Amino acid sequence: MKITFKIWRQENSNTSGDFKSYDVDGLTEDMSFLEALDHLNELLVQRDEKVIAYEYDCREGICGQCGVFINGRAHGPHANMTTCQLHMRSFKDGGTIVVEPWRAKSFPIIKDLVVDRSAFDRIIEHGGYISAKTGTAAEANAILVGKEIADKAMDAAACIGCGACVATCKNASAALFTAAKINHLNNLPQGHQEADKRVMEMTWQMEQEGFGSCTFTGACEVECPESISITNIAEMNARLVKAKWLR
Amino acid sequence: MFFRKTIIALTGLFLCIFLIVHLSANCILMLPEETARSLYNSYSTALRESPLIKVIAYVLYLSIVLHIIYALIVTIKNKKAKPQRYLMNHTKENSSWTSQNMGLIGILVLLFLVVHLANFWARIKLGMGDVVALDTNGHVDVYEVTYSLFQNIYFVLFYTLLMIPLGLHLNHGLKSAFKTLGFYHKKGLRVLAKVSLFYAGIMAIGFGIIPFIVFFK
Amino acid sequence: MLNSKIPEGPLENKWRNYQIKSQLINPANKKKLNVIVVGSGLAGAGAAATLAELGYDVQCFCYQDSARRAHSVAAQGGINAAKNYQHDGDSVWRMFYDTLKGGDFRSREANVYRLAELSAPLIDHYVQQGVPFAREYGGVLVNRSFGGVQVQRTFYARGQTGQQLLLAAYSQLYKMKHAKKVTMFPRHEMLDLVVIDGKAKGIIARDLVTGQLKRFSAHAVVLATGGYSRVFRLSTLAIGCNGSAIWKAHKRGAYFAAPSFTQIHPTALPQTSKAQSKLTLMSESLRNDGRIWVPKKKDDDRKANSIPEEERDYYLERRYPSFGNLAPRDIASRAAKERIDAGYGVGRLKNAVYLDFKHAIERFGMGIIKDRYGNLFKMYKKITGVDAYKEPMQISPAAHFSMGGLWVDYELMTTVPGLYAIGECNFSDHGANRLGANSLLQASIDGYFVLPNTINNYLANALKEEPPTVEHPEFEQVENEVQHHIYKLLAIKGRKTVDHFHRELGKIMWQECAMSRNKKGLEKAILQIEKIRSEFWTDVKVTGSDKEMNTELEKALRLADFIELGLLMCTDALQREESCGAHFREEYQTSEGEALRMDNDYSFVSAWSYSKDGFKLHKEVLKYENVEPTVRSYK
């Protein structure tokens with residue numbers, strides 16, 4: 001199949017960028033979207049041009065490193081999917097695909113389609129863990145966790161940190177990401193000791209990073225590859241109310 | 001940020017309750033002319049003279065002002081968080097138009113509010129414009145103010161059409177306010193979504209048809 | 001002479017005896033000691049976090065944008081531990097034996113025993129760190145069984161066990177970063193090792209954003225860089241996974257052990273096109289309830305669901321009645337290859353076999369199957385567009401885990417003093433084949449429990465030496481070599497892309513050095529790879545410069561090392577004239593087509609040293625004092 005890619009090119013974080021169009025032939029429907037970009041890059045090398053920088057690693061939807069805005073949607077036209085899971089059969093032969101980097105003040109562009117998501121790491125740094133040292137654990141079954149609670153924690157813990165929630169949100173809010181980690185840990189008995197501190201510090205850091213606030217458009221839960229429910233944000237708010245005012 | 005959102009949610013919820021009272025009172029306008037006039041005027045006089053209502057009125061003004069100010073601050077902050085827009089963005093595929101445009105809708109509601117307050121509040125409370133007469137019972141004839149205003153088809157259309165953004169604003173606002181304040185019960189949220197839609201529908205339709213009824217009286 | 005430093009005493013006491021005798025370091029002195037950890041997966045992040053908790057000054061590197069992306073994230077199935085929660089006769093001994101037997105008696109008794117011994121406390125650790133393992137309604141942990149064993153000892157967190165464990169390790173690491181005990185260097189790739197006076201003293205890394213080469217010095221260097229199966233190009237590994245760090249360490253003196261021991265995973269999705277960049281793994285846990293079959297008739301073109309029961313060949317159940325679909329990976333992969341090669345393969349390219357859940361759904365009901373594998377079925381649908389609840393999945397073998405790696409002793413130190421290798425990048429516990437759900441285990445144990453208790457034995461003496469500095473001439477020398485290497489690559493300006501050469505290399509490796517190997521093929525492969533190497537260095541084309549983010553250059557640097565590694569893998573496979581575990585030499589098989597081990601001649605670990613004139617073999621003889629190596633039978 002034949003596709004025209006319209007791709008954001010930007011030399012580095014200090015320069016401004018622009019869209020460039022590339023006509024690519026010889027694609028097949030079985031190719032993944034990233035394989036189509038690989039193919040384009042090989043063509044660019046042949047033409048003595050610099051390759052397009054874009055991110056990926058596992059290519060099976062779990063590492064969270066890939067992620068671009070494709071034809072007006074985070075991770076492409078389907079709901080709850082990563083960029084690497086997207087295949088060319090989802091596009092029309094002869095069509096145009098617009099590829100843009102995640103756009104958010106807190107995700108500065110490094111090059112072309114690559115953005116810096118280290119703000120997420122810094123949110124995790126502020127309490128997205130259980131402060132216990134290696135070697136201090138008690139017998140595993142001494143902590144009982146009911147199935148419903150374990151499942152609920154797992155639902156939230158599934159976040160892969162890809163940043164699609166921020167990318168799709170009109171406010172560039174990181175509420176879904178932050179809420180998922182808070183609810184994962186605060187729902188488990190292991191996380192209770194630091195529950196209030198965790199919710200206060202992580203949300204504080206989230207604001208420091210310059211993310212916007214949640215206005216419940218619900219776009220994030222549609223684009224989230226792990227289908228993390230927006231209810232998590234409401235739950236985080238409840239925890240925040242409790243930690244701030246009802247202690 | 002969370003504090004600001006909480007203020008918007010709390011003031012919004014207060015305004016939602018106010019609207020219920022407001023609409024109930026406006027229902028009087030649908031009664032036959034004579035009953036409506038005396039009932040409406042005595043009701044509004046009672047309101048104006050009650051000390052409790054006076055306090056609530058100030059809470060109401062404050063709520064409106066805070067709701068607007070904080071909404072503005074939050075919107076500006078949110079815009080700053082996303083300085084560059086996408087060339088192509090199909091938001092319709094992942095979210096409702098309303099949720100994406102609460103700011104715009106809010107401005108329309110504000111526009112309505114300014115006109116509405118100028119028509120009623122400024123005349124009756126502040127005594128601006130033409131002097132309002134008294135009715136046969138000696139009450140300020142608020143009914144006449146309403147009645148005469150809605151003889152003008154342009155005002156009727158304005159009041160009716162702008163109930164559409166109000167409805168949209170209420171539908172998204174009511175359920176979001178609850179979520180902002182931390183209501184996260186899964187089934188409860190599904191019920192809440194229906195309640196919000198129902199509430200917003202009643203408000204929009206209720207406020208929207210009254211001008212017409214008055215017009216055709 | 002290779003000294004594996006196995007401690008004295010009976011098997012059960014070795015680790016305790018080691019700890020009693022190893023040297024300790026005063027807490028006040030620990031912060032003066034620098035440790036570099038390269039890699040941030042379960043092994044790397046676990047080690048970096050734990051070393052920092054102990055008080056060492058740690059610098060941790062990863063090529064990804066965050067430690068959370070490391071490929072440990074992709075392990076789906078679970079992690080083994082000898083907890084015996086299911087009361088089904090499990091014990092440390094049985095787990096030790098299963099692992100040793102699974103590895104076809106090509107690993108060290110003492111290491112494997114330690115792995116089994118520390119598995120139970122590891123589960124305690126992860127539970128404490130907030131890993132949401134699957135639970136019973138009563139709140140206790142759930143277990144399931146996994147390929148190659150008959151007890152239920154695998155703990156899991158839905159189909160995302162690796163991800164959940166990695167997130168625990170990653171958050172613990174960033175906790176220590178926040179405490180300013182760890183400095184993180186994401187988007188940095190190690191390009192060489194600096195050895196001063198015979199000891200590892202630092203690394204040269206490239207900042208992948210600016211392209212700048214940077215020097216980092218330390219008292220010890222820990223490599224935790226994962227597996228190298230991307231040498232096959234098509235593998236279940238992440239695209240960025242590479243062998244460069246260990247290869248550079250190898251060239252600087254670290255011996256490379258059993259390079260050719262590569263596990264081919266039986267349940268990956270088949271290749272569908274030439275442009276394919278990766279083969280997605282479907283968790284092996286699917287084999288618990290799924291049944292593997294091919295049609296009894298050759299080139300059967302009917303749809304799976306229209307082939308009646310009596311015309312299906314459940315070949316694993318037929319050949320291995322007692323283990324059936326749960327036969328170890330190497331056996332399951334080879335059996336699939338046998339059927340596919342014989343013309344019974346299914347799918348468009350006839351390169352797959354069926355994995356069928358019909359019977360499981362009938363037996364347990366849709367609900368339970370959805371609960372167990374829901375996300376895997378969803379993933380399958382996303383990639384293939386097929387609903388596996390209604391028709392069987394198509395699966396096919398794919399290159400997966402590298403049992404081989406840098407040779408390490410009981411302390412996990414390589415033959416270069418001060419250089420450690422942990423996790424998948426070393427050769428220690430899995431022998432010639434790794435059991436399912438043992439990789440997360442080994443990476444974690446190496447990182448959390450073993451290395452932090454052995455590195456002190458080396459660092460205690462390092463305190464007395466000169467503190468390392470990047471001003472040392474050796475740093476300058478190595479940096480210049482790296483810079484020269486990069487310039488040389490960029491200067492070629494040939495006609496072919498990096499991916500072209502990688503595809504060529506992959507084709508040869510998959511053909512000759514994967515599931516089944518023979519002398520003639522390997523000899524041919526070595527010649528072909530040498531040809532690829534010389535073509536690569538004369539005809540490759542890399543655009544862009546080295547002073548910017550340049551993904552093409554990164555790929556080229558990694559491929560240059562893969563090519564050399566491929567040569568060593570073939571050399572190793574050629575030298576080992578027996579079949580054991582994943583290493584199947586066609587010349588050495590029983591009349592039934594099973595692997596034929598040659599214990600008299602090959603009961604040793606092949607450790608290779610590097611020199612410009614070729615690879616040299618060193619043998620670490622494996623002594624079995626506690627178990628009798630038996631013929632591995634899963635029949």
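Sequence order as written defines residue numbering, which begins from 1 separately in each chain. A letter from A marks each chain and a number from 1 marks each ligand, given out in the order of writing. It should be noted that, the model being predicted, local features are given only for residues of pLDDT at least 70 and side-chain atom pairs only at 80 or more, the latter also being counted only at that level, while totals for whole chains, interfaces and linings use all residues. As a rule here, side-chain values come from all non-hydrogen atoms in the structure, and water together with hydrogens is ignored.

Details of the nonpolar core
At step 1: For our purposes a nonpolar core is just a set of buried Ala, Val, Leu, Ile, Met, Phe, Trp, Tyr and Cys residues, chained together by side-chain atoms within 4.5 Å. Three labels apply to residues, based on accessible area from a 1.4 Å probe with only protein chains included: buried if under 20% of the type maximum, exposed if over 50%, partly exposed otherwise in between. Ranked by internal contacts, the top residues of the largest apolar core, which has 251 residues, are Phe5, Phe33 and Met88 of chain A.
At step 2: Considering each element in turn, this core owes the most residues, 14 residues, to helix 17 (residues 551–575) of chain C.
At step 3: With 35 residues, the next largest nonpolar core counts Ala36, Tyr40, Tyr159 and Ala200 of chain B among its residues. Under the scheme used here, helices are H or I runs from DSSP no shorter than 4 residues and strands are E runs no shorter than 2 residues, and both carry numbers assigned from the N terminus.

Notes on the interface of chain C and chain A
At step 1: Whether two residues are in contact is decided by their heavy atoms, any of which lying within 4.5 Å being enough. Chain C puts 82 residues into the contact, and the matching count from chain A is 80 residues.
At step 2: Accessible surface is computed with a 1.4 Å probe, and the buried area is the amount of it that two parts give up when combined, taken over both parts together. A buried area of about 6,600 Å², summed over both sides, lies between chain C and chain A, and 49% of it is on carbon and sulfur atoms.
At step 3: The largest share of the area that chain C buries against chain A comes from Arg69, Gln128 and Lys382 of chain C, three residues that together contribute 11% of it.
At step 4: Should a side-chain nitrogen of Lys or Arg be within 4 Å of a carboxyl oxygen of Asp or Glu, the pair is scored as a salt bridge. Counting every contact that joins chain C to chain A gives 13 salt bridges.
At step 5: What qualifies as a polar contact is a pair of N or O atoms within 3.5 Å, subject to a donor-acceptor requirement within protein and to the restriction that residues adjacent in sequence count only when both atoms come from side chains. Across the chain C-chain A interface, the total number found is 53 residue pairs in polar contact (both at pLDDT 80 or more).
At step 6: Elements with a contribution of two residues or more to the side of chain C that touches chain A: helix 3 (42–54), helix 5 (109–128), helix 6 (161–178), helix 12 (366–384), helix 13 (439–462), helix 15 (498–512) and helix 17 of chain C.
At step 7: The element best represented in the side of chain C that touches chain A is helix 6 of chain C, accounting for ten residues.

Topic: the domain arrangement of chain C
All names here are of chain C.
At step 1: Taken as a whole, chain C is organised into domain 1 (267–400) and domain 2 (473–598).
At step 2: Where a domain begins and ends is set by an automatic assignment or by a domain database. A straight line from the C-alpha centre of domain 1 to that of domain 2 covers 30 Å.
At step 3: Contacts between the two partners involve ten residues from domain 1 and, on the opposite side, eleven residues from domain 2.
At step 4: Taking both partners together, domain 1 and domain 2 bury about 730 Å²; carbon and sulfur atoms supply 59% of that area.
At step 5: For the interface between domain 1 and domain 2, the tally reads one salt bridge.
At step 6: The shortest N-O distance in the salt bridge between Glu594 and Arg319 comes to 3.2 Å.
At step 7: Taken together, the elements giving at least two residues each to the side of domain 1 that touches domain 2 come down to helix 10 (329–344) and strand 15 (393–402).
At step 8: Per-element tally for the side of domain 1 that touches domain 2: the top contributor is helix 10, with four residues.

Brief notes about the pattern of salt bridges
All names here are of chain C.
At step 1: One pass over the full model with this rule turns up 81 salt bridges over all chains.
At step 2: Between Asp409 and Lys5 there is a salt bridge, with its nearest N and O atoms 2.9 Å apart. Here Asp409, found in the loop between strand 16 (405–407) and strand 17 (419–421), pairs with Lys5, found in the segment before helix 1 (14–21); they are 404 residues apart in sequence, far enough to count as distant.
At step 3: We classify Asp409 as buried; its relative accessible area is 2%.

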